[in-house]
Amino acid sequence: MRVMVLVKANEGSEAGVLPTQEQLAAMTRFNEELVRAGVMLAGEGLHPSSRGKRIRFDGDKRTVIDGPFAETKELIAGFWLWQVSSLDEAVEWLKRAPFREGEVEIRPVMETEDFGEAVTPEIREAEERMRAQIERRQ
């Protein structure tokens, strides 16, 4: 199963405070361990919300909202995409992360099968075609 690991923002990350050399080294070691184990598919830090935008959808109306966004506890500072056998395995990996504070959320990624009968053969074929195209570009 694939899971998205969402690293929550805090006041420091929202202020653009970068990790120290020691923190980066510890995170690099952890990421290397994830890669060696075949768990990590992707992972990146995100710039503060002051550099982002939100788009609000209301029927046909689209409203663009410039950052920064007020509620830090709702913001994401970074993410990983992991391939694991279970949520329990993801939890065990995350317990080993070099964080000293904050909060991280783990959520399963929906797979095509999760959509049940709504996935027609045509939709399944299009999904497979798009995934193959993405893989070729990487």
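What comes next concerns the included structure. Model, not experiment: these values are computed from the prediction.

Here we take up the overall build of the chain. For the chain, the count of helices and strands is four helices and six strands. Ordered by position from N to C terminus, the α and β elements of the chain give β-α-α-β-β-β-β-α-β-α. Overall, the C-alpha framework of the chain stretches about 50 × 45 × 30 Å when taken along its three principal axes. Here the chain, with 138 residues, has 23% of them falling under the buried criterion. If you sum the accessible surface of the chain, you get close to 10,400 Å²; carbon and sulfur atoms cover 51% of it. Here the chain holds 20 positive side-chain charges and 26 negative ones, and the gap between their average locations is 4 Å.

Each pocket or cavity is described by its volume, and for the largest pocket that value is around 1,100 Å³. Around the largest pocket sit 34 residues that line it, and Val7, Pro19, Met27, Ala77 and Phe99 are the ones nearest its centre. Per-element tally for the lining of the largest pocket: the top contributor is helix α2 (residues 21-36), with six residues. Taken together, the residues of the lining of the largest pocket break down into 17 nonpolar, 12 polar and five charged. Taken together, Arg2, Leu41, Leu81, Glu127, Met130, Arg131, Ile134, Glu135 and Gln138 form the lining of the second largest pocket. With five residues, the top contributor of residues to the lining of the second largest pocket is helix α4 (residues 121-137).

Next up on the list: the pairing of strand β5 (residues 76-83). Looking along a regular strand, one sees the side chains alternate between the two faces of the sheet. Of the strand pairs in this sheet, strand β1 (residues 2-8) and β5 are connected by seven bridges, and their pairing is antiparallel. Paired with methionine 4 across the two strands is leucine 81, which belongs to β5. Bridge analysis of strand β2 (residues 40-45) against β5 gives five bridges, and the strand direction is antiparallel. Counterpart to glutamate 44 in the pairing with β5 is phenylalanine 79.

What counts as what
- Starting from 1, residues in each chain are numbered consecutively following that chain's sequence as written.
- Reporting in this predicted model follows two pLDDT cut-offs: at least 70 for local features of residues, and 80 or more for side-chain atom pairs to be given and counted; totals over whole chains, interfaces and linings ignore these cut-offs and use all residues.
- Values reported for side chains reflect all heavy atoms of the structure, with hydrogen atoms and water molecules removed beforehand.
- Strands here are runs of E lasting at least two residues and helices are runs of H or I lasting at least four, both read from the DSSP assignment and numbered beginning at the N terminus.
- Note on exposure labels: buried denotes an accessible area under 20% of the residue type's maximum, exposed denotes more than 50%, and partly exposed covers the range between, all computed with a 1.4 Å probe on protein chains only.
- With residues, only the protein chains shown are counted as cover, and all accessible areas are computed by Shrake-Rupley using a 1.4 Å probe.
- Within this scheme the basic residues Lys and Arg register as positive and the acidic residues Asp and Glu register as negative, but His and the chain ends are omitted.
- Throughout, a charge is located at the NZ atom of Lys, the CZ atom of Arg, the CG atom of Asp or the CD atom of Glu.
- Only protein atoms enter the 1 Å grid used here. Points where a 1.4 Å probe fits but cannot escape make up a cavity, open sets with protein on both sides within 12 Å along at least five of seven lines make up a pocket, and a residue lines them when an atom lies within 4 Å of a point.
- Grid points are joined across faces, edges and corners, and a volume is the space filled by probe spheres set on the points.
- Charged means Asp, Glu, Lys or Arg here, nonpolar means Ala, Val, Leu, Ile, Met, Phe, Trp, Tyr, Cys or Pro, and polar covers whatever is left, Gly included.
- Whether two strands pair comes down to DSSP finding at least two bridges between them.

Remember, this is a structural readout, not a statement about activity or role.
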